[in-house]
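# Residue-level structure breakdown
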Amino acid sequence: MDDAPTEAEIVTLAAAHMQAAARIRRVALWQRLPWLPDLHTPEEEEQYWRMHLLPNRTMLGAAMGNQLVGVIAYGDDWIEQLYILPDFQGLGIGSLLLGCAMEEMGEIRLWTFQRNAGARAFYERHGFTAGEETDGADNEEKEPDVLYHWRRLPEPTLGPQPPG
């Protein structure tokens, strides 16, 4: 019988996870968007995750067995990073991580590249709407991007109903 885990476990990321987290971003981004310029070394990317994201954002990972297969960094109504290793995409891991952020925040904004059709479809399936589009002049990659927005709907109020 196969003892391989079939569901991802959500874990809080710590400093010891930053090299793996940065690698997940690198692998997922460059495999899905190979035309993007490779602007930073793996060491620089790990340093960014360790020094900027870890102290300033909620950082969660999705683990299957002993392997970290997905990461999310969020806070202050923004998702800054959400990446799943390509071999683990389509298994609900991204939805699981995104759901954690959506439970904690009532409103979320995030940027994705306009040409990233997979990410755009993913966010739209989860109720995000596209807003501002840019020519990419303000991002490192100089790649046109789009701002997505999600807001939790107000809870319905139960009370006396007006006579009909």
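The structure reproduced in this document is the subject of the present report.

### Here's the deal with the overall build of the chain
Helix and strand counts for the chain stand at four helices and seven strands. Beginning at the N terminus, the succession of helices and strands in the chain can be written as β-α-α-β-β-β-α-β-α-β-β. Based on the C-alpha atoms only, the size of the chain along its principal axes is roughly 65 × 50 × 30 Å. The proportion of buried residues among the 164 residues of the chain is 43%. Pairs at least 24 apart in sequence give 62% of the contacts found in the chain among residues at least 6 apart. Of the accessible surface of the chain, which amounts to about 9,900 Å², a share of 51% is contributed by carbon and sulfur atoms.

### Looking at the packing of aromatic side chains
For the structure on display, the rule yields four aromatic pairs. The rings of Phe122, Tyr123, Phe128, Tyr148 and Trp150 are connected pair by pair, giving a single aromatic cluster.

### Some words on the pairing of strand S4 (residues 78-84)
Of all seven residues in S4, five are buried, a share of seventy percent or more. Taken together, the six bridges between strand S3 (residues 67-75) and S4 define a ladder with antiparallel strand orientation. The residue of S4 that forms the bridge with Tyr74 is Ile79. Hairpin connection between S3 and S4: a loop of two residues separates the two successive antiparallel strands, and Asp76 in this loop has a positive phi of roughly 50°.

### What to know about the nonpolar core
Most often, soluble globular proteins have nonpolar side chains that are buried together. Counting 47 residues, the largest nonpolar core has Ile79, Ile93, Tyr123 and Phe128 as the members making the most contacts within it. Considering every element that reaches this core, the biggest residue donor is helix H1 (residues 18-32), with seven residues.

### Some words on the environment of Glu7
Within the secondary structure, Glu7 sits in the segment before strand S1 (9-12). The spacing of Glu7 and Ala117 is 110 residues in sequence and 26 Å in space, taken between C-alpha atoms. Other than its neighbours up to four places away in sequence, Glu7 contacts Ala63 and Met64.

What counts, and at which threshold
Per chain, the residues get numbers from 1 upward, laid out in the order the sequence is written. Local features in this predicted model are restricted to residues of pLDDT 70 or higher, and side-chain atom pairs are both shown and tallied only at a pLDDT of 80 or more, whereas totals for entire chains, interfaces and linings draw on every residue. Values shown for side chains rest on all heavy atoms present in the structure; no hydrogens or waters enter the calculation. A run of H or I in DSSP counts as a helix once it spans at least four residues, and a run of E counts as a strand once it spans at least two, with each numbered from the N terminus. Each residue's exposure class comes from its accessible area (1.4 Å probe, protein chains only) as a fraction of the maximum for that residue type: buried when under 20%, exposed when over 50%, partly exposed otherwise. Here a residue-residue contact requires only that any non-hydrogen atoms of the pair lie within 4.5 Å. Note on areas: Shrake-Rupley, 1.4 Å probe, and residue coverage restricted to the protein chains presented here. Working definition: a ring pair exists when centres of Phe, Tyr or Trp rings (six-membered ring for Trp) sit within 6.5 Å. Plane angles under 30 degrees give stacked, over 60 give edge-to-face, the rest tilted. Only strands joined by at least two bridges in the DSSP assignment are considered to pair. Put simply, buried Ala, Val, Leu, Ile, Met, Phe, Trp, Tyr and Cys residues joined by side-chain atoms within 4.5 Å make one nonpolar core.

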